[in-house]
Amino acid sequence: MIDRRSAILGTLAAGVAARAAAQTAPPAVKPGNAVPGLAEPSETIDLWPGGAPGAPAKPLVETVDERSKDSALTDRAVYGISKPRLVVFRPAVPNGSAVLVMPGGGYRWVVIDKEGYEIGRWLAARGWTVFVLFYRLPGEGWHAGPDVALSDAQRAMRLIRARASRYGIQPERVAAMGFSAGGHVCGDLATRFAAPTYKAVDQADALSARPDIATPIYAVQSMSAPLAHPGSRELLIGKDAPLALERAHSPAINVTAKTPPCFLVHAEDDPTVPVDNSLAMRAALRQVGVPVETHLFTHGGHGFGLRRAMGKPAEAWPDLFTNWARTQGLG
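Residues numbered from 1 in each chain as written. Predicted model: local features only at pLDDT ≥ 70, side-chain atom pairs only at ≥ 80, totals over all residues. Heavy atoms only, no water.

J.: When you look at the sheet that holds strand S3 (residues 76-79) in this model, what are you seeing that I'm missing?
T.: Read across the sheet, 3 strands follow the order S2-S3-S6 without closing on themselves; strand pairing throughout is antiparallel. Of all the strands in the sheet, just strand S2 (63-66) and strand S6 (110-111) have a single pairing partner and so form its edges. Bridge count between S2 and S3: 4 bridges; the pairing is antiparallel. For Asp-65, the partnering residue across the bridge sits in S3 and is Ala-77. (Pairing = 2+ DSSP bridges. Helix = DSSP H or I, 4+ residues; strand = E, 2+ residues; numbered from the N terminus.)

Pasting the structure below:
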């Protein structure tokens, strides 16, 4: 017997499968920059079959800056993203759970290696199917303005569920994870998953965009001084944004009982995004009874991801996450 939900999801997956061959490729590694032993992903999913809505008047040119000075590591920052998409990391043996990963970059760019591909490979090696999101940047003229990255995250969650059967995942076992400004996208998605930020484009948009768990890592949260990260705030809502706009884009203020369980990680010596961002989020979740696990590390600074946490207590955070996720029925 096939229940109605399975039938709907199977139909959706079949409908979108025909478009898979024409997806936008991930950025290529420049000649001489390939890292031995680290295979580059090749599978992508374009979010918007007819093109992303509300494009800027001046066409964007996707640009990749390689910032690494270490031949054993890539550290690419991508901006001018006009074709938002998911880059897929498939596990050898799927555990039935998926995670949507949103790298940071201060809303200036998307840092795909240290806060995307690295955790993608790590989680895929442990059975997770990972989708790294190349989201549009709010300072690049999109009509949706401050909601443009959230629109991409909502659409991504719905597409992952629409294609669940293809990837061997359960549609009720999809996590969201984000770092820094990507952690803001994650928090925005966890609290405003049902906000109508775009017009439906196909049947996938009938599915829920609510993550089953959310993991904001050293996340930008508040858009109000003194907690706000100035650069992220200015690019998201503008330097002179009114209080109402600040509040609309501060996830802790928008937490409700429907917000999914959250896993928070931050370093107390973070000089870029004050740890009080995560503490405010924790307090808001506890106030409405949403389960929250919080890990604060004395040392770690900002942007530690995986590579900069090595040899420090913060190195434990990915294992802490997967252990906690199992208590929530994922992994």
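J.: Help me understand the sheet that holds strand S8 (residues 174-179), please; the structure alone is not making it clear to me.
T.: Backbone hydrogen bonds are what pair the strands of a sheet, in a parallel or an antiparallel way. Taken in spatial order, the 8 strands make up an open sheet running S1-S4-S7-S5-S8-S9-S10-S11, and their pairing is mixed. Here the strands that pair on one side only, and so sit at the sheet edges, are strand S1 (44-46) and strand S11 (292-297). Within this sheet the neighbouring strands show an average axis-to-axis angle of 20 degrees, counted without direction. Where strand S10 (residues 262-267) and S11 come together, 6 bridges link them in parallel fashion. Bridge pairing links Cys-262 to Val-292 in S11. Contacting strand S5 (98-102), S8 and strand S9 (213-217), helix H5 (residues 181-192) crosses the sheet at an angle of about 145 degrees to S8. Contacts from helix H9 (residues 317-327) reach S8, S9, S10 and S11, with the element oriented near 165 degrees to S10. (Axes fitted to C-alpha atoms, helices over the stretch in contact; angles between N-to-C directions. Contact = heavy atoms within 4.5 Å.)

J.: Quick question: what am I supposed to make of the packing of helix H2 (residues 113-124) against H9 here?
T.: Orientation of H2 relative to H9, taken along the N-to-C sense of each, is 50 degrees, at an axis distance of 12 Å. Considering their axes alone, H2 and H9 lie oblique with respect to each other. In this structure, H2 crosses over H9, and the sense of that crossing is right-handed. Where H2 approaches H9, its residues Ile-119, Trp-122 and Leu-123 are matched on the opposing element by Trp-317, Pro-318, Asp-319, Phe-321 and Thr-322. Considered class by class, the residues forming the contact of H2 with H9 number 6 nonpolar, 1 polar and 1 charged. (Parallel < 35°, antiparallel > 145°, perpendicular 65-115°, else oblique. Left-handed = near helix turned anticlockwise from the far one by under 90°. Nonpolar A, V, L, I, M, F, W, Y, C, P; charged D, E, K, R; others polar.)

J.: Teacher, can you tell me more about the environment of Met-157 here?
T.: Following the sequence through the fold, Met-157 ends up in helix H3 (residues 148-162). Taking the C-alpha atoms as reference points, Met-157 and Arg-210, 53 residues apart in sequence, are found 7.4 Å from one another. Excluding residues that lie within four positions of it along the chain, Met-157 makes contacts with Leu-100, Val-174, Ala-175, Leu-189, Ala-209, Arg-210 and Pro-211.

J.: What is the right way to look at unusual backbone geometry in this model?
T.: Apart from glycine, the bulk of residues carry a negative phi angle, and the bulk of peptide bonds sit in the trans form. The omega torsion of the bond from Ala-225 to Pro-226 falls at 5 degrees, within 30 degrees of zero and hence cis. The topology assignment puts Pro-226 in the loop between S9 and helix H6 (230-237). Unlike most non-glycine residues, Ser-180 shows phi in positive territory, near 55 degrees. Along the chain, Ser-180 falls in the loop between S8 and H5. Relative accessible area serves as the criterion here: at 8%, Ser-180 is assigned to the buried category. (Buried < 20%, exposed > 50% of the residue type's maximum accessible area, 1.4 Å probe, protein only.)

Any link to function would need more than the numbers given here.
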